[in-house]
Amino acid sequence: MALLITEKCINCDMCDPECPNEAISFGAEIYEIDPDKCTECVGHYEKPTCQSVCPITNCIIIDPDHKETNDELLEKFVRIQGLA
């Protein structure tokens, strides 16, 4: 499952530097998460750091259009890090 930044985003810039996969960037109006790069921090941290640092409750949620298992997220982490 990739994460999704909702319209609640206030563009505080807390999430972008925290993403270990560089999946977060500024979009047309708010920050966006690239689902091809987001592993929900699997392989890096116990829980998604973007959610941990976001000051807005439920601003960063599971993207219903990009559901993945933990095994799939780990495979993506391995691929992104060039470990395979």
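About the criteria used
- Residues numbered from 1 in each chain as written.
- Predicted model: local features only at pLDDT ≥ 70, side-chain atom pairs only at ≥ 80, totals over all residues.
- Heavy atoms only, no water.
- Helix = DSSP H or I, 4+ residues; strand = E, 2+ residues; numbered from the N terminus.
- Contact = heavy atoms within 4.5 Å.
- Areas by Shrake-Rupley, 256 points an atom, 1.4 Å probe, with all protein chains shown as cover.
- Lys, Arg positive; Asp, Glu negative; His and termini not counted.
- Charge placed at Lys NZ, Arg CZ, Asp CG, Glu CD.
- Salt bridge = Lys/Arg side-chain N within 4 Å of Asp/Glu carboxyl O.
- Core = buried A, V, L, I, M, F, W, Y, C linked by side-chain atoms within 4.5 Å.
- Buried < 20%, exposed > 50% of the residue type's maximum accessible area, 1.4 Å probe, protein only.
- pLDDT = per-residue confidence, 0-100.

Some remarks on the overall build of the chain
So, point 1. Scanning the chain for helices and strands turns up 2 helices and 4 strands.
So, point 2. Along the chain, from the amino end to the carboxyl end, the secondary structure elements read β-β-β-α-β-α.
So, point 3. Along the first, second and third principal axes, the C-alpha set of the chain runs to 35 × 25 × 25 Å.
So, point 4. A separation of at least 24 residues holds for 67% of the contacts in the chain among residues at least 6 apart in sequence.
So, point 5. Surface summary for the chain: the accessible area is close to 5300 Å², and the carbon and sulfur share equals 49%.
So, point 6. The averaged location of the 17 negative side-chain charges in the chain is 3 Å from the averaged location of its 6 positive side-chain charges.

Side note on unusual backbone geometry
What is expected of a backbone is that most residues other than glycine have negative phi and most peptide bonds are trans.
So, point 1. Even without a glycine there, the phi angle at asparagine 11 is positive, about 55°.
So, point 2. Relative to the assigned elements, asparagine 11 resides in the loop between β1 (3-5) and β2 (24-26).

Here we look at the pattern of salt bridges
So, point 1. All chains considered together, the criterion is met by 1 salt bridge.
So, point 2. Its salt-bridge partner being lysine 76, residue glutamate 68 comes within 3.0 Å of it at the nearest N-O pair.

Notes on the nonpolar core
General note: in soluble globular proteins, nonpolar side chains tend to be found buried as a group.
So, point 1. By size, the foremost hydrophobic cluster in this structure holds 16 residues, and its most contacted members are Ile5, Cys15, Ile24, Ile33 and Ile60.
So, point 2. The set of elements that each furnish at least two residues to this core consists of β1 and β3 (31-33).

Thoughts on the confidence of the model for the chain
So, point 1. In this model, the chain carries a mean pLDDT of 95, and residues with pLDDT of at least 70 account for 100%.
So, point 2. Ranking the elements of the chain by mean pLDDT puts helix α2 (residues 70-81) last, at 94, and β3 first, at 98.

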